[in-house]
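Each chain is listed here by its residues.
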Amino acid sequence: MDINPDAELDTSQVEDIRGSGGGVGGRVAIGGGGVGLVGLLIYFLVAQLGGAGVVPQGLPQAGDLGGVRSGQQVDSDGIRGECRTGRDTAALDCEAVAVINSIQSFWSTQFARSGSKYVPANTRFFNGSVSTACGPATSDTGPFYCPGDRKIYIDLSFYRELQTRFGAQGGLFARSYVLAHEYGHHIQNLIGTSSRVRGNAAGPTSGSVRLELQADCYAGVWANHATQTKSASGKPIIENISRQDVEAGLDTAGRIGDDFIQSQIAGQQVNQSRFTHGSSAQRRKWLTAGLSTGDTKQCNTFAPGVDLG
Ligand SMILES: [Zn+2]
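In short, a report on the structure. Small disclaimer: the values here were computed from a predicted structure and weren't measured. (Residues numbered from 1 in each chain as written. Predicted model: local features only at pLDDT ≥ 70, side-chain atom pairs only at ≥ 80, totals over all residues. Heavy atoms only, no water.)

### Points about the state of the cysteines
Scanning all chains against the criterion turns up three disulfides. In this model, C83 is linked to C94 through a disulfide, with the two sulfur atoms separated by 2.1 Å. Its torsion about the S-S bond being -75 degrees, the disulfide of C83 and C94 is classed as left-handed. Within this pair, whereas C83 is found in the loop between α2 (77–82) and α3 (92–113), its partner C94 is found in helix α3, the two being separated by 11 residues in sequence. (Disulfide = S-S within 2.5 Å. Helix = DSSP H or I, 4+ residues; strand = E, 2+ residues; numbered from the N terminus.)

Structure (structure tokens):
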């Protein structure tokens, strides 16, 4: 997978708050084991279900709090200056801009085809800790989507952690899958799927697992169409997705499955009743379902009698 060096990047889709708030040294419990994992397992749930369930539609708006607390400021000037075209994507933040552009370009086209309008979501880069409409979070929670302010939050050091802590192969496609999964949650928020899931029940067939597997499937749907996505001036953004790229994506999906995290990372017994994201096999299955078909209809993890895997 490559990013077209000639594609211009739209940095208006990201907000940079790395230079403030948590700041340098603000990381909490890097590789710290239990606490972080609990965060990783739970936070998505709180963010999505709490946010989507309790604050159903559009409030609070980004303008009135926007997740920025005092001492945390959006300063995207650096990114605007540095991330101009695909040539700049050796830097992880610029790479993320390109991938986000591609993901939102795809969904925008997809929504337009079905006669509706896609509402873009910005991604916020943060360091260490962040305040959001879904509550405070640290890097330990991993990347997440907050329905309350319709933003994706990521500390880009998560990519390194995927490799060092989870043993993932990494690579551009795997990093893109992470972002595309979070945008999958934004799609669910826009079309109202997230609000169908109430409470915070866990378990292998819980609403939470169904939401997560569907977000994996949506990530796959984007990946299927990624090489057709275009920049504002019509240049392809993504090029050359190989079998190896896909394998690396599936490898990552497998390493953030509940059973893998419980047994291999936390060193506990696998306890299905605590599943919130789905098993490794399920996550691979649903990412593949989207990837191989490119069809959102194949992502109906809520269908009666559906085989979740
Ligand atoms: Zn998720």
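Following the structure, the description resumes.
### A short note on the coordination of the zinc ion
In the first shell of the zinc ion, the protein supplies H181 (NE2), H185 (NE2) and E212 (OE), at 2.0 to 2.1 Å from the metal. Donor residues for the zinc ion sit on one chain with the sequence pattern H-x3-H-x26-E. Residue H181 is found in helix α5 (residues 172–191), and its partner E212 is found in helix α6 (residues 207–225); the two are separated by 31 residues along the sequence. (Donors = N, O, S within 2.8 Å, 3.2 Å for Na, K, Ca; no water.)

### What about the pattern of salt bridges?
Counted under the stated rule, the structure contains 11 salt bridges. A salt bridge links R124 to E15, with the shortest nitrogen-to-oxygen separation between them at 2.5 Å. Highlighted residues: R124 in strand β3 (residues 122–125) and E15 in strand β2 (residues 14–16), separated in sequence by 109 residues. For the pair R124 and E15, a shared accessibility class is recorded, and that class is buried. (Salt bridge = Lys/Arg side-chain N within 4 Å of Asp/Glu carboxyl O. Buried < 20%, exposed > 50% of the residue type's maximum accessible area, 1.4 Å probe, protein only.)

### Observations concerning the packing of aromatic side chains
On inspection of all chains with the given rule, the structure shows four aromatic pairs. On the numbers, 4.8 Å between centres and 65 degrees between planes, the contact of F106 with W107 is edge-to-face. The two residues F106 and W107 agree in class, both being buried. Ring geometry for W107 versus Y218: centroids 5.5 Å apart, planes at 70 degrees, classification edge-to-face. With a gap of 111 residues between them, W107 in helix α3 and Y218 in helix α6 connect regions that are remote in the sequence. Judged by relative accessible area, which is 2%, W107 ranks as buried. A residue is classified by how much of its surface remains accessible, and Y218, at 6% relative accessible area, is buried. An aromatic cluster is present here, built from F106, W107 and Y218 joined pairwise through their rings. The cationic tip of R175 hangs over the ring face of Y159; the distance from NZ or CZ to the ring centre is 6.0 Å. Just above the ring of F302 sits the side chain of R196; from NZ or CZ to the centre is 4.9 Å. (Phe/Tyr/Trp six-rings, centres within 6.5 Å; stacked < 30°, edge-to-face > 60°. Lys NZ or Arg CZ within 6 Å of the ring centre and 35° of its normal.)

### Some words on the nonpolar core
Judged by nonpolar contacts, the single largest core of 59 residues is most densely connected at I103, W107, L179 and W222. Every element with two or more residues in this core is listed here: α3, β7 (151–154), α4 (157–164), α5, α6, α7 (243–255) and α9 (280–293). Looking at this core element by element, the count peaks at 10 residues for α3. Once you skip the residues sitting within four places of it in the chain, W107 turns out to touch Y118, I187, Y218 and T296. With eight residues, the next largest nonpolar core counts F126, C134, F144 and Y153 among its residues. (Core = buried A, V, L, I, M, F, W, Y, C linked by side-chain atoms within 4.5 Å. Contact = heavy atoms within 4.5 Å.)

### Here's the deal with the pairing of β3
On β3, burial covers both faces: N122 and R124 on one face and T123 and F125 on the other are all buried. With three bridges connecting them, β2 and β3 associate as parallel partners. Residue pairing in the sheet places V14 in a bridge with T123 of β3. (Pairing = 2+ DSSP bridges.)

### Topic: the sheet that holds β2
Overall, mixed pairing links the four strands, which are arranged β2-β3-β7-β6 in an open sheet. The open sheet has two free edges, formed respectively by β2 and β6 (144–146), since each of these has just one partner strand. In this sheet, neighbouring strand axes are inclined to one another by 25 degrees on average, regardless of whether the strands run parallel or antiparallel. Packing against the sheet, α5 makes contact with β3, β6 and β7, and its axis sits at approximately 25 degrees to β6. (Axes fitted to C-alpha atoms, helices over the stretch in contact; angles between N-to-C directions.)

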